[in-house]
Amino acid sequence: ENTRRLSRVLSFRCLRQASSSNLLVTMAVPLIKHVIVKKKKNKFLRNQSDRKVSVPTSWRRPKGIDSRCRRKFKGTTPMPNIGYGSNKKTKHMLPNGFKKFLVHNVADLNMLMMHNRTFCGEVAHNISSLKRKAIVERAAQLNIALTNGAARLRSQEDE
């Protein structure tokens, strides 16, 4: 009960300070914050990739007729199957609770206008700092969260 009261007091103070400065900035928060459960965090390794240098670690399904791994003997490397799949509600979800949407220009942000509680934007890697600045400003107006909003926005001081 004390924590609830404290949060109410703090939020009221923040609102009062914001109203006094006539600037109310709210960050977009996800609509529903699900607990993301990963059934397997490490990658599936290729069978015998730890024993032979000539066998790379990237996953390939074992296909030999006598293969212990293909026949799923006890103690062999695990094989990917449908049981390792993610929950539909949390699939492709970032740790901040949003799903990622790649933004190339300011017009792409208009698609996220009604979905700013579900998706967050990520500015593409090949966007110049000039267009990047315009995208970040427009995202702030539309209350859209950006994953890499601070990238390449610093002024060039060494010139």
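**Digging into the overall build of the protein**
In terms of regular secondary structure, the protein is built from three helices and two strands. When the helices and strands of the protein are placed in sequence order, the string is α-β-α-β-α. The contacts of the protein with a sequence gap of at least 6 include a subset with a gap of at least 24, amounting to 43%. Counting every atom, the protein has about 13000 Å² of accessible surface; 55% of that belongs to carbon and sulfur.

**Brief notes about the pairing of strand β1 (residues 99-103)**
Relative to strand β2 (residues 119-123), β1 runs parallel, the two sharing five bridges. Considered in β2, the bridge of L102 is made with E122. On the question of chirality, the crossover connecting β1 to the parallel β2 by way of helix α2 (residues 106-111) is right-handed.

**Here we look at the environment of H115**
Turning to its location among the elements, H115 is positioned in the loop between α2 and β2. The exposure class assigned to H115 is partly exposed, which follows from its relative accessible area of 41%. Once the C-alpha coordinates of H115 and L31 are considered, the two residues, 84 residues apart in sequence, prove to be 9.5 Å apart.

**Points about the packing of aromatic side chains**
Under the definition given, this model contains two aromatic pairs. Where F44 meets Y84, the ring centres are 5.0 Å apart and the plane angle is 75 degrees; that geometry is what we call edge-to-face. Linking F44 in the loop between α1 (2-20) and β1 with Y84 in the loop between α1 and β1, this pair joins segments that are 40 residues apart in sequence. For F44, a relative accessible area of 18% translates into the label buried. Ring-pair connections join several aromatic residues into one group, and the members of that group are F44, W59 and Y84.

Scoring rules and cut-offs
- Residue positions are counted from 1 within each chain, in the order its sequence is given.
- Under the rules for a predicted model, residues below a pLDDT of 70 receive no local features and side-chain atom pairs below 80 are neither given nor counted, while totals for whole chains, interfaces and linings still include all residues.
- Hydrogens are left out, water is left out, and the side-chain values use all remaining heavy atoms of the structure.
- Every helix listed is a DSSP run of H or I at least four residues long, and every strand listed is a run of E at least two residues long, numbered separately from the N terminus.
- Contacts are assigned to residue pairs with any non-hydrogen atoms lying within 4.5 Å of each other.
- Reported accessibility uses the Shrake-Rupley method at a 1.4 Å probe radius. Residues are deemed covered only where the shown protein chains occlude them.
- Following DSSP output, two strands are said to pair if at least two bridges run between them.
- For crossovers, right-handed means that the path from the first strand over the helix to the second runs clockwise, given strands pointing away from the viewer.
- Three exposure classes are used, based on accessible area relative to the maximum for each residue type with a 1.4 Å probe and protein chains only: buried under 20%, partly exposed in between, and exposed over 50%.
- Aromatic rings from Phe, Tyr and Trp, taking only the six-membered ring of Trp, are treated as a pair when their centres fall within 6.5 Å; an angle between ring planes under 30 degrees marks them as stacked, one over 60 as edge-to-face, and anything in between as tilted.

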